[in-house]
Each structure stands twice: as C-alpha cells, then as structure tokens.
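Chain residues, written in single-letter form:
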Amino acid sequence: MQKQIGIIGLGKMGAGLAQQLSDKGWQVVGYNRSEDKTKSLSDVHGFVPTYSLNEFVTSLPAPRIIWLMVSAGSAVDETIEQLTALLKPGDTIIDGGNSYYKETIHRANTLTKKELRFLDAGVSGGPAGARNGACLMVGGLQDVFDELEELFKDISVKNGYAFFEGYGAGHFVKMVHNAIEYGMMQSIAEGFDIMRSVPDYKLDLLNVTSIYNHGSVIESRLTQWMEEAFQSFGTDLETIPGSAGQGGGGAGQVGNSEAEWTHQTAQELGIRDRVIAESLDARQYSRETPNYQGKIINALRNMFGGHSVTHPE
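Quick caveat: nothing in here was measured; it's all calculated off a predicted structure. (Residues numbered from 1 in each chain as written. Predicted model: local features only at pLDDT ≥ 70, side-chain atom pairs only at ≥ 80, totals over all residues. Heavy atoms only, no water.)

Caption draft 1: Fine view of helix H9 (residues 205-212). All of the buried residues along H9 are Leu205, Val208 and Thr209. Down the axis of H9, the buried set is contained in an arc of 95 degrees. They therefore lie on one face. Structural note: H9 exposes Asn207 and Ile211 on the side pointing more than 90 degrees away from its buried face. For H9, the secondary structure elements touched by its buried residues are helix H8 (169-197), helix H10 (221-233) and helix H13 (292-305). Sitting at the head of H9, aspartate 204 places a side-chain oxygen 3.0 Å from the backbone nitrogen of leucine 206. (Buried < 20%, exposed > 50% of the residue type's maximum accessible area, 1.4 Å probe, protein only. Helix = DSSP H or I, 4+ residues; strand = E, 2+ residues; numbered from the N terminus. Arc of directions from axis to C-beta. Contact = heavy atoms within 4.5 Å. Polar contact = N/O pair within 3.5 Å; in protein donor to acceptor, adjacent residues only side chain to side chain.)

So, in structure tokens, the structure goes:
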C-alpha cells in the first residue's frame, strides 16, 4: 500500500501518531484547526503541514486515507461533513477518537451511501502509546481492514491491534475498555484512601505501590502509574485537585463519558454493572465534595493521559 496518510486533529494523540508514522516511513499530511499545532510539527521528517481542508485533501494521493483524531460528537460530524464535499469515491475515513458507537454506525451508513469507505478505531495507550506504539480496536468491513492492515500494524505495539466485524464495533470495544478502566481506577483510589486513613498504622504509600508492582496479583500499568504519581507529587497529592475529571486517556470526548455510555448500554441490555455505575457516582461525588479519591483519579489520568492536574477536564 502507499504509505501516505492524512491526519486531522494534531493534539496530544494526533501529534503522536503523526510522529510515529513519520518515523516508520509514512508521509503524513497534517491539518489542525489551530495552526500553531500544525506548525509545531512542520520540522518532522515526512510531515506535510496544511492549513485548510481543501489544501489537506489535495495534498493526498487518491485513494486517500484520512485519520480523524478529534473530539467525539459534533466535531466529528462537522469534519466529516466538510470532508465529504472534497473526497472522491474509494477514499477512506478512519475515526480514531472516542466516538459513541451508535453515532459511528450512523456515520458509516451515511458515508457508504456516498461510496466513501469507513473504519472506526479505538486507540488505547494515551499520548505515549500514540507516539511509541498503541493498542488498537478496529471496526468496520473486513476487506477494508485487510487492505489497510499494514497501517494498524505500524501504529500499534507488537500484536497490539485486532479487528471486530461491523461498523462501530471498534468503538464499542474501546467504550467498554474505558468503563472497565473507570472501575479499576476507582478501586485503586478507594484502596489507597483506606490505607491513608487507617489509624492503626502510618503506611508509606509509595512503599505500598512499590511492593504491589513486584509480583503481586494486582501489579499493572495502573499501579505502576500510581507509583510514578506518588514519586512526582508526593503521597498526599497536595497540589492536585480532589474533584475528579471525566474521561480516560485517549482522544477526549465532549459530553457523556464512555463509562456513561457503557452504563447506558448495560441498562438497555438488562445487565447489572454495579462497579461501573458506582465509579461514575464516585466521580460525580468528588466534583461536589472534593476528596482524596478524586486526587488519585486525577493523578492517574495525568500519568497515562497527560490530563491537566490543575484544571481536570
């Protein structure tokens, strides 16, 4: 396949993807609504900066491959609407953001009627994954995925991509992933809050994270990031707000979080999701009553997603 791709949205995740693909021999045409982010990548080898969607599209050879890395919701719809007036049949749009899977299905059906191809890709691993190798969950049609598989292989860590048949399936798997993430983060927050508060011992929480990360059953990337957060901010997390932000570590979404979408889906299916629901309630409670658990959530989100610890999103 031609190793040429266009990326729209050059924030933390989009910029990382652009740099990683450039390193791997791709020519990357980039566009961002704010020109400063495009300019910041202009010295990357193989990166072609553009400053309008028309310039962006005409800089790509047909059939075009375009990767969207913009916030979910209206930004995706607006971008796709503008693109469809410029693209030709056979061009491919890949939505790499955290879009709600039902909206993805609708977008895919609209695009296929215009003879444009579409894939959805859930991206996990945060900005570091985008830059150095991510975990990808791809949905859509098998033949389109097969044709572009080399792209997903180049973006991901070794064996770090998988295809799921059906429009929206990739975003659905990523949606549930983020809801599970919510529950795991909340469990960590509760556990460390309990250890910090117990009157019988004065536990060194940094030492606790260290031992958890050496062969324990709960050793994980999240507990490793907890250790790094304590090393960076201190175990009291004094400088971090106690009002937990929403979302996980990937491309952000506007409005509902993916955990909320998962909770809604569970209700539609008649499935109990007590842990996911409680993790949502806990974040809401922290926004009303800032607390140490909220600090833990914000610290973790900063470690893996680069989210602000001054003004949580």
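Caption draft 2: Structural view of the confidence of the model for the chain. Residues of the chain with pLDDT of at least 70 account for 96%, and the chain-wide mean is 94. Below a pLDDT of 50 lies the segment residues 249-255, which in the model reaches 23 contacts outside its immediate sequence neighbourhood of four places, other chains included. (pLDDT = per-residue confidence, 0-100.)

Caption draft 3: Quick look at the packing of aromatic side chains. Under the definition given, this model contains 12 aromatic pairs. On the basis of an interplanar angle of 55 degrees and a centroid distance of 6.5 Å, the ring pair of tyrosine 31 and phenylalanine 56 is categorised as tilted. Linking tyrosine 31 in strand E2 (residues 27-31) with phenylalanine 56 in helix H3 (residues 53-58), this pair joins segments that are 25 residues apart in sequence. Exposure class is identical for tyrosine 31 and phenylalanine 56. Each is buried. With centroids separated by 5.6 Å and ring planes inclined at 70 degrees, the aromatic side chains of phenylalanine 192 and phenylalanine 230 adopt a geometry described as edge-to-face. In this pair, phenylalanine 192 sits in helix H8 while phenylalanine 230 sits in helix H10, placing the two residues 38 residues apart along the sequence. We classify phenylalanine 192 as buried; its relative accessible area is 3%. The rings of Trp67, Phe145, Phe152, Tyr161 and Phe163 are connected pair by pair, giving a single aromatic cluster. (Phe/Tyr/Trp six-rings, centres within 6.5 Å; stacked < 30°, edge-to-face > 60°.)

Caption draft 4: Region of the structure containing the packing of H10 against H13. The geometry of H10 relative to H13 is characterised by a closest axis approach of 9 Å and an angle of 100 degrees between their N-to-C directions. Relative to H13, the element H10 is oriented roughly perpendicular. Here Leu222, Trp225, Met226, Glu228, Ala229, Phe230, Ser232 and Phe233 of H10 lie close against H13, whose contacting residues are Tyr292, Ile296, Ala299, Leu300, Asn302, Met303 and Phe304. In terms of residue class, the contact of H10 with H13 is made up of 12 nonpolar, 2 polar and 1 charged. (Axes fitted to C-alpha atoms, helices over the stretch in contact; angles between N-to-C directions. Parallel < 35°, antiparallel > 145°, perpendicular 65-115°, else oblique. Nonpolar A, V, L, I, M, F, W, Y, C, P; charged D, E, K, R; others polar.)

Caption draft 5: Fine view of the sheet that holds strand E3 (residues 47-49). Sheet architecture is open: 8 strands sit in the order E3-E2-E1-E4-E5-E6-E7-E8, paired in mixed fashion. Bordering the open sheet on either side are E3 and strand E8 (156-165), each of which pairs with just one other strand. The average undirected angle you get between the axes of adjacent strands in this sheet is 25 degrees. Where helix H4 (residues 74-84) meets the sheet, it contacts strand E1 (4-8), strand E4 (65-68) and strand E5 (92-95), and its direction lies at approximately 160 degrees from that of E4. (Pairing = 2+ DSSP bridges.)

Caption draft 6: Examining the environment of glycine 97 more closely. Mapped onto the elements, glycine 97 comes out in the loop between E5 and helix H5 (101-113). Of the residues examined, glycine 97 reaches a relative accessible area of 0% and is grouped as buried. Along the backbone, glycine 97 and glycine 14 are 83 residues apart, and their C-alpha atoms lie at a distance of 9.6 Å.

Caption draft 7: Representation of helix H7 (residues 142-155) within the structure. Helix length check: H7, at 14 residues, gives a terminal C-alpha distance of 18 Å against a target of 20 Å (1.5 Å per residue), a fit within 8%. Along its length, H7 shows its largest kink, about 60 degrees, at leucine 148. Within H7, the full set of buried residues consists of Val144, Phe145, Leu148, Leu151, Phe152, Asp154 and Ile155. (Expected span 1.5 Å × (residues − 1). Bend = angle between axes of the 7 residues up to and from the residue.)

Caption draft 8: Quick look at the nonpolar core. Formed by 31 residues in total, the largest nonpolar core has its most connected members in Trp67, Ile94, Leu151 and Phe152. For this core, the secondary structure elements donating two or more residues are E1, helix H1 (12-23), E4, strand E6 (117-124), strand E7 (134-140) and H7. Residue contributions to this core peak at 6 residues, all from H7. The contact partners of isoleucine 94, leaving out residues within four places of it in the chain, are Ile65, Ile66, Trp67, Leu68, Leu119, Ala121, Leu148, Leu151 and Phe152. Residues Ile188, Ala189, Phe192 and Phe230 belong to the second largest nonpolar core, which totals 22 residues. (Core = buried A, V, L, I, M, F, W, Y, C linked by side-chain atoms within 4.5 Å.)

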